Amino acid sequence: MATLLPRLLLLLATLLTCLTGSTAHAADDDPADSDRPARVLFVTQSGGFQHSSVTRKPHELSHSERVLKQLGVESGEFRVDCTQDVEKEFKPELIENYDIVAFFTTGTMYDQSRILPIDKETLDWFLNDWLKQKGHGFLGVHAAADTFEDYEPYWDMIGGSFDGHPWTSNATVTISVHDTEHPAAKPWGDEFTITDEIYQFKHWQPEKVRVLMSLNMAKTDLKKPYHVPVLWVKEYGDGRAMHMSMGHREDVWSNEKYQQSLLGGIRWLLGREEADATPNPEVSAAEDEKAKAAVEAAAVGG
């Protein structure tokens, strides 16, 4: 019995090592190579203006939250957890459980009247550590660009920040698609019209992003002499980021093409569908020239 006991202990230790190794491997599965649904944390807290699309009724998720959760289940691609309590739930030990973090938020870092209460240390960890890891992605929707405009590392990650919306939520606009092969833009075709609030941007960094869609100034009633991007993507370290400017209105969230656009973008963020993310500043330059020409033509004709 004395000689048998060490052998039994060695066998037990070996079995525990194998089991531990299997568990760790399962936890670290690359979502690009896995059949498991990815996990998405959807943050919809408003420190500033609160959109109807993220406004909850008692005991009920908001419209955008319900749409994204349903899209994940129906596609089989991902599962969504929603939060409007970042002080409690936007924590490193919790975010580590997710593959994608999505923001439909408003608020600032320092203005106490409009603060979105994510502390600087946590936000820096999210931007510089978590998001730059392979398989991790950030999905910014509409007012995500109207968030932390007073904190450069955040808007540098997105590629720009909110600078007004001359095209209000009742404006019908025409959108040009520049890259019809990217899964986030493909559902829209070459061009489409839509009624939604369209943002213009400051701190715009065309040299860092790939613009997929833009406002077609020549075919839109209100004309401004500058480029207005609507959808873009970028590599961010070994992670990825995407910003979808549309999404103010609830009927936009209900639009099947909008949903398929988000789904395609999520697949790209996860690495399940590859597409070009090479920055294309020449598109912004060309759209600037087109916008100026459209304004001049309207002035001559008007």
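These numbers were taken from a predicted model, which means no experiment stands behind them.

Calculation criteria
- The residue numbering used here restarts from 1 in each chain and proceeds along that chain's sequence as written.
- Given that this is a predicted model, residues contribute local features only at a pLDDT of at least 70 and side-chain atom pairs are listed and counted only at 80 or more, while totals for whole chains, interfaces and linings are drawn from all residues.
- With hydrogens and water excluded, all non-hydrogen atoms of the structure serve as input to the side-chain values.
- Categorising residues by exposure relies on relative accessible area from a 1.4 Å probe, with only protein chains included: less than 20% of the type maximum marks a residue as buried, more than 50% marks it as exposed, and the intermediate range marks it as partly exposed.
- The term nonpolar core refers to a set of buried residues drawn from Ala, Val, Leu, Ile, Met, Phe, Trp, Tyr and Cys, joined through side-chain atoms within 4.5 Å.
- Helix and strand labels come from DSSP, where a helix needs a run of H or I of at least four residues and a strand needs a run of E of at least two; each type is numbered from the N terminus.
- Residue contacts are counted whenever heavy atoms from the two residues lie within 4.5 Å of one another.
- Side-chain atoms alone can form a polar contact between residues adjacent in sequence; in general such a contact is a pair of N or O atoms within 3.5 Å, and within protein one must be able to donate a hydrogen while the other accepts it.
- Multiplying 1.5 Å by the residue count of a helix minus one yields the expected span of that helix.
- Following DSSP output, two strands are said to pair if at least two bridges run between them.
- Angular values range over 0 to 180 degrees, each being the angle between N-to-C directions of two axes fitted as lines to C-alpha atoms, with helices fitted over their stretch in contact.

S.K.: Tell me about unusual backbone geometry, and name the residues and values.
M.R.: Notably, H59 is not glycine yet its phi reads approximately 60°, a positive angle. Residue classification places H59 among the exposed positions, given a relative accessible area of 90%. Positioned with a positive phi, H142 is a non-glycine residue whose angle comes to about 45°.

S.K.: Tell me what's going on with the nonpolar core, and back it up with residues and numbers.
M.R.: Generally speaking, soluble globular proteins have nonpolar side chains that are buried together. Core analysis: the largest hydrophobic core is formed by 84 residues, its most contacted members being F90, F103, F126, Y154, M213 and M246. Ranked by residues supplied to this core, first place goes to helix α8 (residues 256-270) with 7 residues. Beyond its immediate stretch of four places on either side in the chain, M213 contacts I175, S176, V177, H178, A185, W188, F192, P229, V230, L231, M244 and M246.

S.K.: A description of the side chain of H63 should follow, citing residues and the corresponding values.
M.R.: Note that H63 resides in helix α2 (residues 63-75). Side-chain polar atoms of H63 contact the backbone oxygen of E250, separated by 3.1 Å. Beyond its immediate sequence surroundings of up to four residues, H63 is in contact with S53, E250, W253 and S254.

S.K.: Go over α2 with me, naming the residues and quoting the values.
M.R.: Counted at 1.5 Å a residue, the expected span for α2 with its 13 residues is 18 Å, and the 18 Å between its end C-alpha atoms agrees. By the burial criterion, the buried members of α2 are H63, S64, E65, V67, L68, L71 and G72. Tucked into the core, α2 has its buried residues touching β1 (38-43), β2 (78-83), α7 (250-253) and α8. Once α2 finishes, G76 follows within two positions and takes phi at roughly 75°, a positive value.

S.K.: Describe the sheet that holds strand β10 (residues 229-236), and please don't skip the residues or the numbers.
M.R.: Strands sit in the order β2-β1-β3-β4-β11-β10-β9-β6-β7 across an open sheet of 9 strands; the sheet is mixed. Each edge of the sheet is formed by a strand with only one pairing partner; in this case those strands are β2 and β7 (191-195). Averaged over all neighbouring strand pairs, the angle between strand axes comes to 20°, with direction disregarded. Where helix α5 (residues 120-130) meets the sheet, its contacts fall on β3 (100-103), β4 (137-141) and β10, and the angle it forms with β3 comes to roughly 135°.

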